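# Secondary and tertiary structure notes
Read off the chains here:
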Amino acid sequence: MRITGVEAIPLAIPFTYGGDAMRLGTGASWKSLDFCLVKVQTDAGLTGWGEAFSYTCRRATAAAVTDMIAPLALGQDARDIAGLGARIQKQLHIFGRFGITAFALSGLDIALWDLAGKAAGLPLHRLIGGARREAIACYASLLRYAEPASVARHCAQALAGGFAAIKLHEVADDAMAAARSALGSATPLLLDVNCEWRALDAIAAGRRLRVLEPAWFEEPVFPPEDFRALREVGEACGLPIAAGENLCFATQFEAMLSARAVQIAQPSVTKVGGVTEFLKVLALAEAHNVRVAPHSPYFGPGALATLHLIAAHLPEAWFEYFWLQAEASLYGDLLDPVQGMLRVPQGPGLGADPDPEILQRYRAA
């Protein structure tokens, strides 16, 4: 089964979330979901769909797929997923091992696994060990509101929706305290500060935040690859440290785990190198006795791939569901939680293909 086409399909779907304080990369208020879908066609007549991380970097990621990944993938055996990925990593290493290059390769890898499932007539989870459950509990991953009253209101709404836990992207003590007050003591509260502080400031913040009893303290330090600082923060403030969404390939995770930097590893299938590298990270985490909590605030093939991975390998893990209202969905109601739960897709490959009408309507430059 040879690859005959690799196409980047960039999309921008507007969303609202009840606030305007969330900034991502560019500094502007974040208003639309960026997608870079990767469409892979074969001489067997099968088409696979992947997703490369592209939030606020859509054009760069799409260019990497078109100019770097596609020329190396065309004509190759679509069944040789691991071998092809390793060769492309080596061929592109001169341009940097991580970031945009890894995002683009992740999209190809996910699409190839989608193809593998379709060729076998099996859902992805059957190819990687089989599902241990039919539905996955979600936690509501709230965007940043900054205002304590707004934080409390949205926490209460998510709790009423049946979500298993609530994650914040706040950095102010009063906003985080408002969440705990709204949730009570029984609901797990997750704190993600997106690499806000240097080590000493992160330690001070962690010590202040212990009173909130967070289930984890996510990415407390900048830069995210400062694994010694991550370990020091965890040891000094006594909170479980979670990190990994900004790491690419199993080699970076091996370095983080060997440094004993975290208690929770967070690979992102659209960043880490796809399903292939994600599975390697799972093996590393098991060897180091570290929990895995996938980073998965996605609404495309990356979300579907994450559901399959959780179902097959992470029976206790939650799915990260971004608490927002998108203008359109690629998969109808497939990724709409019901009482905080998402069903594991059972169709071949990822289980569903994107809606062609949505692809046409929201296609972006």
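Scroll up for the structure.
Overview of the structure. Quantities reported herein were computed from a predicted structural model and do not represent experimental measurements. (Residues numbered from 1 in each chain as written. Predicted model: local features only at pLDDT ≥ 70, side-chain atom pairs only at ≥ 80, totals over all residues. Heavy atoms only, no water.)

This part is about the overall build of the chain. Helix and strand content of the chain: 12 helices and 13 strands. Taking 2.2 N^0.38 as the reference for a compact globule, 365 residues should give roughly 21 Å; the C-alpha atoms of the chain span a radius of gyration of 20 Å, in line with that estimate. On the principal axes, the C-alpha backbone points of the chain span a range of 60 × 40 × 40 Å. When burial is assessed residue by residue, the chain has 57% of its 365 residues classed as buried. (Helix = DSSP H or I, 4+ residues; strand = E, 2+ residues; numbered from the N terminus. Rg over C-alpha atoms; globule rule 2.2 N^0.38 Å. Buried < 20%, exposed > 50% of the residue type's maximum accessible area, 1.4 Å probe, protein only.)

This next bit is on unusual backbone geometry. A cis geometry characterises the amide bond from Phe222 onward to Pro223, with omega recorded as 0°. Checked against the element boundaries, Pro223 lands in the loop between strand E7 (216-218) and helix H8 (227-237). Phi is positive for Phe249, which is not a glycine, with a value near 70°. Along the chain, Phe249 turns up in helix H9 (residues 249-258).

Viewed as axis vectors pointing N to C, helix H2 (residues 81-91) and helix H3 (residues 100-120) meet at an angle of 165°, and their least axial separation amounts to 10 Å. Comparing the axis directions of H2 and H3 gives the class roughly antiparallel. Between H2 and H3 lies a crossing whose hand is right-handed. Each of Ile81, Leu84, Gly85, Ile88 and Gln89 in H2 lies in contact with H3, whose residues at this interface are Leu105, Leu108, Asp109, Leu112, Trp113 and Ala116. (Axes fitted to C-alpha atoms, helices over the stretch in contact; angles between N-to-C directions. Parallel < 35°, antiparallel > 145°, perpendicular 65-115°, else oblique. Left-handed = near helix turned anticlockwise from the far one by under 90°. Contact = heavy atoms within 4.5 Å.)

Right, let's get into the pairing of strand E4 (residues 135-141). Within E4, six of the seven residues are buried, leaving the element largely enclosed by the surrounding structure. For E4 and strand E13 (residues 341-343), the ladder comprises three bridges, and the chain directions are antiparallel. Paired with Ala135 across the strands is Arg343, a residue of E13. As defined by bridge partners, E4 adjoins strand E11 (residues 319-322) across four bridges and the pair is classed as parallel. Across the sheet, Ala140 pairs through a bridge with Tyr321, a residue of E11. (Pairing = 2+ DSSP bridges.)

What follows concerns the environment of Pro356. With respect to the secondary-structure elements, Pro356 resides in helix H12 (residues 356-361). Overall, Pro356 belongs to the exposed group, its relative accessible area being 60%. The spatial distance from the C-alpha of Pro356 to the C-alpha of Leu191 is 37 Å, given a sequence separation of 165 residues.

Turning to the sheet that holds strand E3 (residues 47-52), a few remarks are in order. The four strands are arranged E3-E2-E1-E12 in an open sheet whose pairing can be described as antiparallel. Only two strands of the sheet have a single partner each, and these edge strands are E3 and strand E12 (325-326). As paired elements, strand E1 (residues 3-16) and strand E2 (residues 32-42) share 11 bridges and run antiparallel to each other. Looking across to E2, one finds that Val6 is bridged to Val40. Against the sheet, helix H1 (residues 58-73) touches E1, E2 and E3, its axis set at about 170° to E1.

As a volume, the largest pocket reaches approximately 600 Å³. Around the largest pocket, the lining comprises 28 residues; the ones closest to its centre are Leu24, Asn194, Glu245, Asn246 and Lys271. Its residues assigned to classes, the lining of the largest pocket shows 14 nonpolar, six polar and eight charged. The calculated volume of the second largest pocket comes to roughly 420 Å³. Taken together, 18 residues line the second largest pocket, and the ones lying closest to its centre are Val290, Arg291, Val292, His313 and Leu314. Secondary structure elements with two or more residues in the lining of the second largest pocket: helix H10 (275-287) and strand E10 (291-292). In terms of residues, the lining of the second largest pocket owes the most to one element, H10, which gives five residues. (1 Å grid on protein atoms, 1.4 Å probe; cavity = no way out; pocket = protein on both sides within 12 Å on 5 of 7 lines; lining within 4 Å. Points joined across faces, edges and corners; volume = space filled by probe spheres on them. Nonpolar A, V, L, I, M, F, W, Y, C, P; charged D, E, K, R; others polar.)

Before going further, it helps to spend a moment on the pattern of salt bridges. This model, assessed by the stated rule, comprises 14 salt bridges. Here Lys167 and Glu218 are joined by a salt bridge, their closest N and O atoms 2.9 Å apart. Residue Lys167 is located in strand E5 (residues 166-168), and its partner Glu218 is located in strand E7; the two are separated by 51 residues in the primary sequence. An identical accessibility class is assigned to Lys167 and Glu218; each is buried. Among the ionic pairs, Glu357 bridges to Arg361, the shortest N-O distance being 2.7 Å. One end of the pair, Glu357, and the other, Arg361, are both in helix H12, four residues apart, so they sit about a helical turn from each other. Salt bridges sharing common partners tie together Lys167, Asp192, Glu218 and Glu320. (Salt bridge = Lys/Arg side-chain N within 4 Å of Asp/Glu carboxyl O.)

The next point concerns the side chain of Asp34. Locating Asp34 in the fold gives a position in strand E2. Assessed through its relative accessible area of 7%, Asp34 is described here as buried. A polar atom in the side chain of Asp34 sits 2.5 Å from the side chain of Arg58. (Polar contact = N/O pair within 3.5 Å; in protein donor to acceptor, adjacent residues only side chain to side chain.)

Here the focus is the packing of aromatic side chains. Summed over the entire model, instances satisfying the criterion amount to 16 aromatic pairs. Measuring from centroid to centroid gives 6.2 Å for Phe15 and Tyr17, while their planes differ by 40°, and the two rings are tilted. Both residues of the pair, Phe15 and Tyr17, belong to the buried class. Ring pairing ties together the aromatic residues Phe15, Tyr17, Trp30, Phe53, Tyr55, Phe103, Tyr145, Tyr298 and Phe322, which thus form one cluster. Between Lys271 and the ring centre of Phe53, over which it is positioned, the NZ or CZ distance is 4.2 Å. (Phe/Tyr/Trp six-rings, centres within 6.5 Å; stacked < 30°, edge-to-face > 60°. Lys NZ or Arg CZ within 6 Å of the ring centre and 35° of its normal.)

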